[in-house]
Amino acid sequence: MFMARVYTRNFDLICFRGGYHGASPYTLGLTSIGSYKHGVANGFGCQTTMLPDVFHGPWGGSHCRDSLVQTIRKCSCSQGCCEANDQYIEQFKDTLRTCVPKAIAGFIAEPIQGVNGAIQYPKRFLKEAFQLVRERGGVCIADEVQTGFGRTGSHFWGFQTHGVVPDIVTMAKGIGNGFPMAAVVTTPEIANSLAQNLHFNTFGGNPMACVVGSAVLDAIAEDGLQKNSEEVGAYMLLEFAKLREKFEIIGDVRGKGLMIGIEMVKNKDSRQPLPAEEMSPIWEDCKDMGVLIGRGGIYNQTFRVKPPMCITKQDAAFAVEVFHAALMRHLERTAAN
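Residues numbered from 1 in each chain as written. Predicted model: local features only at pLDDT ≥ 70, side-chain atom pairs only at ≥ 80, totals over all residues. Heavy atoms only, no water.

- Under the annotation held in an unreviewed UniProt entry, the chain carries the name Alanine--glyoxylate aminotransferase 2, mitochondrial and is attributed to Terrapene triunguis.
- Recorded in UniProt for the chain, the comment headed Subunit (unreviewed entry) runs: "Homotetramer."
- In its Sequence similarities (unreviewed entry) section, UniProt records this for the chain: "Belongs to the class-III pyridoxal-phosphate-dependent aminotransferase family." (UniProt positions renumbered as here; feature names shortened; annotations may be inferred.)

### As for the sheet that holds strand β7 (residues 250-256)
Then step 1. Taken together, four strands build an open sheet; the order of strands is β7-β8-β10-β9 and the sheet is antiparallel. The open sheet has two free edges, formed respectively by β7 and β9 (294-296), since each of these has just one partner strand. With strand direction ignored, the average angle separating the axes of adjacent strands in the sheet is 25 degrees.
Then step 2. Pairing of β9 with strand β10 (residues 302-305), which is carried by three bridges, proceeds in the antiparallel orientation. Bridged to Gly 296 within β10 is Thr 302.
Then step 3. Packing of helix α8 (residues 313-336) onto the sheet brings it into contact with β7, β8 (259-264) and β10, and relative to β8 it is tilted by some 10 degrees. (Pairing = 2+ DSSP bridges. Helix = DSSP H or I, 4+ residues; strand = E, 2+ residues; numbered from the N terminus. Axes fitted to C-alpha atoms, helices over the stretch in contact; angles between N-to-C directions. Contact = heavy atoms within 4.5 Å.)

### Some remarks on the domain arrangement of the chain
Then step 1. Its domain assignment divides the chain into domain 1 (1-222) and domain 2 (225-336).
Then step 2. The straight-line distance from the C-alpha centre of domain 1 to that of domain 2 is 25 Å.
Then step 3. At the interface, 37 residues of domain 1 touch 34 residues of domain 2.
Then step 4. The interface formed by domain 1 and domain 2 includes two salt bridges.
Then step 5. In this structure, Arg 65 engages Asp 252 in a salt bridge whose closest nitrogen and oxygen atoms are separated by 2.8 Å.
Then step 6. Our enumeration of links across domain 1 and domain 2 arrives at 22 residue pairs in polar contact (both at pLDDT 80 or more).
Then step 7. For the side of domain 1 that touches domain 2, a count of residues per class yields 13 nonpolar, 20 polar and four charged. (Domains from an automatic or database assignment. Salt bridge = Lys/Arg side-chain N within 4 Å of Asp/Glu carboxyl O. Polar contact = N/O pair within 3.5 Å; in protein donor to acceptor, adjacent residues only side chain to side chain. Nonpolar A, V, L, I, M, F, W, Y, C, P; charged D, E, K, R; others polar.)

### Here's the deal with the layout of surface pockets
Then step 1. Here the largest pocket is characterised by a volume of approximately 1,400 Å³.
Then step 2. Surrounding the largest pocket, 41 residues form its lining, Thr 170, Ala 182, Ala 183, Val 184 and Asn 201 being those nearest its centre.
Then step 3. Taken together, the elements giving at least two residues each to the lining of the largest pocket come down to α1 (2-8), β4 (139-143), β5 (168-172), β6 (182-186) and α5 (207-222).
Then step 4. Among the residues forming the lining of the largest pocket, the class breakdown is 26 nonpolar, 12 polar and three charged.
Then step 5. Taken as a whole, the second largest pocket encloses approximately 460 Å³ of empty space.
Then step 6. Sort the elements by how many residues they give to the lining of the second largest pocket and α5 lands first, with four residues.
Then step 7. Of the residues that constitute the lining of the second largest pocket, the class distribution is 11 nonpolar, five polar and five charged.
Then step 8. Two domains each put at least three residues into the lining of the second largest pocket: domain 1 (1-222) and domain 2 (225-336). (1 Å grid on protein atoms, 1.4 Å probe; cavity = no way out; pocket = protein on both sides within 12 Å on 5 of 7 lines; lining within 4 Å. Points joined across faces, edges and corners; volume = space filled by probe spheres on them.)

### Examining the pattern of salt bridges
Then step 1. Summed over the entire model, instances satisfying the criterion amount to 17 salt bridges.
Then step 2. Between Arg 244 and Asp 252 there is a salt bridge, with its nearest N and O atoms 3.6 Å apart.
Then step 3. Residue class for Arg 244 comes out buried when judged on its relative accessible area of 7%.
Then step 4. The partner of Glu 284 in a salt bridge is Lys 287, with the nearest N and O atoms 2.8 Å apart. (Buried < 20%, exposed > 50% of the residue type's maximum accessible area, 1.4 Å probe, protein only.)

### Topic: the packing of helix α7 (residues 276-288) against α8
Packed helix pairs are characterised by how far apart their axes lie and by the angle those axes make with each other.
Then step 1. The contact between α7 and α8 brings their axes to 9 Å, and the two run at 140 degrees. When the axes of α7 and α8 are compared, the pair comes out oblique. The interaxial crossing formed by α7 with α8 has right-handed handedness. Listed contacts from α8 to Glu 278, Pro 281, Ile 282, Asp 285 and Cys 286 of α7 are Val 322, Phe 323, Ala 326, Leu 327, Arg 329, His 330 and Arg 333.
Then step 2. Here the residues of the contact of α7 with α8 sort into seven nonpolar, one polar and four charged. (Parallel < 35°, antiparallel > 145°, perpendicular 65-115°, else oblique. Left-handed = near helix turned anticlockwise from the far one by under 90°.)

And the structure:
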């Protein structure tokens, strides 16, 4: 955020609703999930824009996203055309016309939203949005904290799946495999903007962190973890999609590689989130049977499946079996009531 503002000499930044980019007073302006917001001043110069969510948003169809599994919504789009994408781009343009000055500092996005439940955008959205931002003098920032380092399977970086090259990339978590480490990568030109005045970080260039990060990169390559993410992730995604056909409360299954979201609903017609009193027992049942699954989404209605990248197909099959059993228990509770 700081580099974007110093480099462009502009102030306003645009982010998606539902995005998570940190919880410090500065980054809370970009994080657009209410449960992370504290009652302190934050967000000055940060403008949210409509999330191009093809499952929950006003527009979506059956060919929108870069995933083996599409939404249950139908559309009449011809090959290579996406009316939902065009509508969401119009909303993005509306944000540029109404909420920010003619010149902006930048736009930040996760290639796939993580905390919000593995939300995927229409395939062309980021490419078109990046062009609009650069026309306003802004830089484009990819938040790869959750998608980076091969987790999506098909590519090492999430932004590559969108056919874009960002100006700044943030990364953490996967870079250290549990060791506290993060990095920001950018062009020399943008980085040099900080040389106008003194800037340093106490933890910057930590030798131990650098050794850990290098070892993690070696392990990803030597153990074939990106390929494993692609193959095991595809298996899990398709198996979860079979459960969507069987259970009315599974509204959407989405994701790439080992970054999967299972959105739970009251029913498929309404797409309204499954209430917490029904979500929590399913979650607890999975835990009791030996599988830990995350939760996310604005209403905490989405199960987030992001296992270690070394997971085996046998592990994945066990996880699907446990989730299926937890759903059957839910049906039994519902029938009893």
